[in-house]
Amino acid sequence: MTNEIQPYRVQIPQADLDDLHERLRRTRWAPEVPGTGWERGVPTGYLRELAAYWADGFDWRAQEAALNAYPQFTTTVDGAQVHFLHVRSAEPGATPLLLLHGWPGSVVEFLDLIGPLTGGDEPFHLVIPSLPGYGFSGPLPGPGWTDGRTAAALAELMSRLGYDRYGVQGGDVGAFIAPLVGRAAPDAVIGVHVNGLLTFPGGDPAVMGALSEAERGRLAGMKEWQEKLGAYMQVQGTRPQTVAAALHDSPAGQLAWIVEKFKDWTDPAAELPEDAVDRDRILTDVSVYWFTGTAGSAAHTYYERFNDFTMWAPKERGKVPTAVAVFPTDFSVRPLADVVHNVVRWTEFERGGHFAALETPDLLIADLRAFFNSGGRGAS
C-alpha cells in the first residue's frame, strides 16, 4: 500500500563519497577580480579552503551516524515520497510538534533541538520531515508541488501518524508552509510558530499609513535585500532547470550556492559563516543536497511558488493562533503580518539570524515552549 510507513536509515554508498572527493579535488576554480570580496559572492580563496576540508577533513560517516541516532521513516503522500524523523518523548501526553525546514535547509537544521524539546518539563513529540523535493524525500515526482500542496501532504502525514491535535513550526520556506498547514487542517493545528516570516505590503492605505518609522525601515531593508541579495530566488523561481545543471554536477558549485546564504543571512556579528553555524553542520546540510541530488528539485519549488496565483491572491485572515519570532536579519512587520495571520505572540531577539534553529537554538526552544506549553497561544 502506498500509504505504508517504512523505516529508513541514511546509508550513502562509499562510491558516492569517493566520487564527491574526486570531484572536489578536480575542481576548476574560478579566478577572482583582484581587490574584491564577499560583496560579489563567495571568494574563491575561502571556497577552496572549505572544499578542501569537505574532501579531506569532514567526516560524513560521523554525521550520518548522528542522523541515524533518531528514528526515521518514509511514506508516500499524494504520489511523493516523504522522509521524516519521528522522535517521541518519554512523556505520553507530550504535545506533537511538526518542524519544517527551509531553503537551503534540511532536517539537519533541527538536530540540536531534538534532545531539549523531547525532554524537560514540557516535552514534545517531534515530526521532522524532509520537505517534498528536498533531501531524503528525493526529487519531486512531477510539477504542481506548490506550498499549499506541500502543506496538505504534511497535514496528511500527521493524520497518518495518528496526531489529531498538534503544533507547527517553520522558518524560511517553512514559514510559508506552516501557516498553510494551519489552513489545511484548522481543527487539528493548535498553533503555528514561525521565524523568518516575510510580510508584504497589501493594498490597504490605512495599514501602510500606520506603520512606524522602524517598520518602514524594515520594509526598506527587505527591498534592498531583494535587489542586492535576491538573485538566487529569481534564478530558482524562473529557470530552475538551468541552475540544476550546474549544482547537480559540481559539488564546489553546490557548496558556493549554499554557503553564500550562511554568510548573508546569519547574525551580522559573524565575520564568516562558521562563526555563526558550526562548519561541520553547514557541510552536513550541503552534503544532504549533494548526495540526494535534490538541488534542482528544491529550486523547482521556487518556480512553483512564483507561478502559484493562489499564493499571492488576497485571502481570508487565518484563524489559527500564530507566534512570530523575529531575529536580527529578519524583515517581519507586525501590522502586515496581522492582516494575514492571527498573530497572538510577537517576539524580537537581539542576537541570532535567519537560521534560528542552528544559530540560537536556546532562544528558539524557549519561545516554542512559551507559545505552545505556557499559555502563549492566548497572548496579545
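The shown structure was predicted, so the numbers you read here are calculated from the model rather than taken from an experiment.

Quick notes on the rules
Residues numbered from 1 in each chain as written. Predicted model: local features only at pLDDT ≥ 70, side-chain atom pairs only at ≥ 80, totals over all residues. Heavy atoms only, no water. Helix = DSSP H or I, 4+ residues; strand = E, 2+ residues; numbered from the N terminus. Rg over C-alpha atoms; globule rule 2.2 N^0.38 Å. Buried < 20%, exposed > 50% of the residue type's maximum accessible area, 1.4 Å probe, protein only. Areas by Shrake-Rupley, 256 points an atom, 1.4 Å probe, with all protein chains shown as cover. Lys, Arg positive; Asp, Glu negative; His and termini not counted. Charge placed at Lys NZ, Arg CZ, Asp CG, Glu CD. Pairing = 2+ DSSP bridges. Axes fitted to C-alpha atoms, helices over the stretch in contact; angles between N-to-C directions. UniProt positions renumbered as here; feature names shortened; annotations may be inferred. 1 Å grid on protein atoms, 1.4 Å probe; cavity = no way out; pocket = protein on both sides within 12 Å on 5 of 7 lines; lining within 4 Å. Contact = heavy atoms within 4.5 Å. Polar contact = N/O pair within 3.5 Å; in protein donor to acceptor, adjacent residues only side chain to side chain. Salt bridge = Lys/Arg side-chain N within 4 Å of Asp/Glu carboxyl O. Points joined across faces, edges and corners; volume = space filled by probe spheres on them. Phe/Tyr/Trp six-rings, centres within 6.5 Å; stacked < 30°, edge-to-face > 60°. Lys NZ or Arg CZ within 6 Å of the ring centre and 35° of its normal.

**Q** Before we go on, may I ask you to explain the overall build of the chain in this structure?
**A** Each helix and strand in the chain was counted, giving 18 helices and 9 strands. Over its C-alpha atoms the chain spans a radius of gyration of 20 Å, differing by no more than 12% from the 21 Å that the globule rule assigns to 380 residues. Counting all 380 residues of the chain, 56% fall into the buried class. When the accessible area of the chain is evaluated, it comes to approximately 16,200 Å², of which 52% is carbon and sulfur surface. Averaging the locations of the 31 positively and 47 negatively charged side chains of the chain gives two centres separated by 3 Å.

**Q** I keep staring at the sheet that holds strand β7 (residues 189-195) and nothing clicks. Help me out?
**A** If you trace the 9 strands from one edge of the open sheet to the other, you get β1-β2-β3-β5-β4-β6-β7-β8-β9, paired in mixed fashion. Strands at the two margins of the open sheet, each flanked by one partner only, are β1 (6-8) and β9 (342-348). Across the sheet, the axes of successive neighbouring strands diverge by a mean angle of 25°, strand direction being ignored. Pairing between strand β2 (residues 72-77) and strand β3 (residues 80-87): 6 bridges, direction antiparallel.

**Q** Just to check I follow, could you spell out the UniProt feature "active site" (unreviewed entry) in the chain for this structure?
**A** Within the UniProt annotation, "active site" (unreviewed entry) is assigned to D172, Y302 and H354. The annotated residues that sit in the lining of the largest cavity are D172 and H354. As for its placement among the helices and strands, H354 is situated in the loop between β9 and α17 (356-359). Note on H354: relative accessible area 13%, which makes it buried. In contact with H354, not counting residues within four places along its chain, are D172, N195, G196, W265, T329, D330 and E359. At 2.7 Å, the side chain of H354 forms a polar contact with the side chain of D172.

**Q** So what exactly am I meant to see when it comes to the pattern of salt bridges here?
**A** Side-chain pairing between opposite charges can occur once the charged atoms of the two side chains come close. Evaluation of the coordinates by the stated rule reveals 18 salt bridges. Across the pair D19 and R23 runs a salt bridge whose closest N-O atoms are separated by 2.8 Å. Here D19 pairs with R23, and both are found in helix α1 (residues 14-25), just 4 residues apart, close to one helical turn. Given the relative accessible area of 29%, D19 is considered partly exposed. Linking E316 and K319 is a salt bridge whose minimum nitrogen-to-oxygen distance equals 2.6 Å. With relative accessibility at 57%, the residue E316 sits in the exposed group. Salt bridges sharing partners connect three or more residues here, namely D19, R23 and D249.

**Q** Please clarify how the UniProt feature "domain: Epoxide hydrolase N-terminal" (unreviewed entry) in the chain should be interpreted in this entry.
**A** In the numbering used here, UniProt assigns the "domain: Epoxide hydrolase N-terminal" (unreviewed entry) feature to residues 5-110. The straight-line gap between the two end C-alpha atoms of residues 5-110 is 22 Å; of that span, 32% is helix and 22% is strand.

**Q** How should empty space enclosed by the protein be read in this particular structure?
**A** For the coordinates displayed, the defined rule picks out 4 cavities of 30 Å³ or more. The computed volume of the largest cavity comes to approximately 90 Å³. As for the largest cavity, its lining consists of 15 residues, and the residues nearest its centre are E109, G171, N195, H354 and A356. When contributions to the lining of the largest cavity are tallied by element, the ones reaching two or more residues are β6 (166-171) and α17. Here the element with the most residues in the lining of the largest cavity is β6; it accounts for 3 residues. As for the second largest cavity, its lining consists of P179, G182, R183, V192, G318, K319, V320, T322, V340, H341 and N342.

**Q** Whenever I open this one, the environment of L197 confuses me. Can you help?
**A** Looking at where L197 falls in the secondary structure, it is placed in the loop between β7 and α7 (205-209). When sequence neighbours within four positions are dropped, the list of residues in contact with L197 reads A175, V324, S332, A337 and H341.

**Q** How do you make sense of the packing of aromatic side chains when you look at a structure like this?
**A** Each aromatic ring pair is characterised by the separation of its centres together with the angle its planes make. Scanning the model with the defined rule gives 17 aromatic pairs in all. Geometrically, the ring pair formed by W103 and W265 is edge-to-face, given 6.4 Å between the ring centres and 70° between the ring planes. With W103 in the loop between β4 (95-100) and α4 (111-118) and W265 in the loop between α11 (251-264) and α12 (273-276), the pair connects residues that are 162 residues apart, well separated along the chain. With a relative accessible area of 4%, W265 lands in the buried category. Every member of this aromatic cluster is reached through a ring pair, and the members are W103, W225, Y232, F262, W265, Y302 and F355. One residue, R279, lies across the ring of Y53, its end atom 5.3 Å from the ring centre. Positioned over the ring face of Y302 is R305, at 4.8 Å from the centre of the ring.

**Q** Hey, could you run me through the side chain of T118 in this one?
**A** In this structure, T118 sits in helix α4. One polar contact links the side chain of T118 to the main-chain carbonyl oxygen of I114, over a distance of 2.7 Å. Not counting chain neighbours up to four residues away, the residues in contact with T118 comprise V87, S89, A90, P123, F124 and L126.

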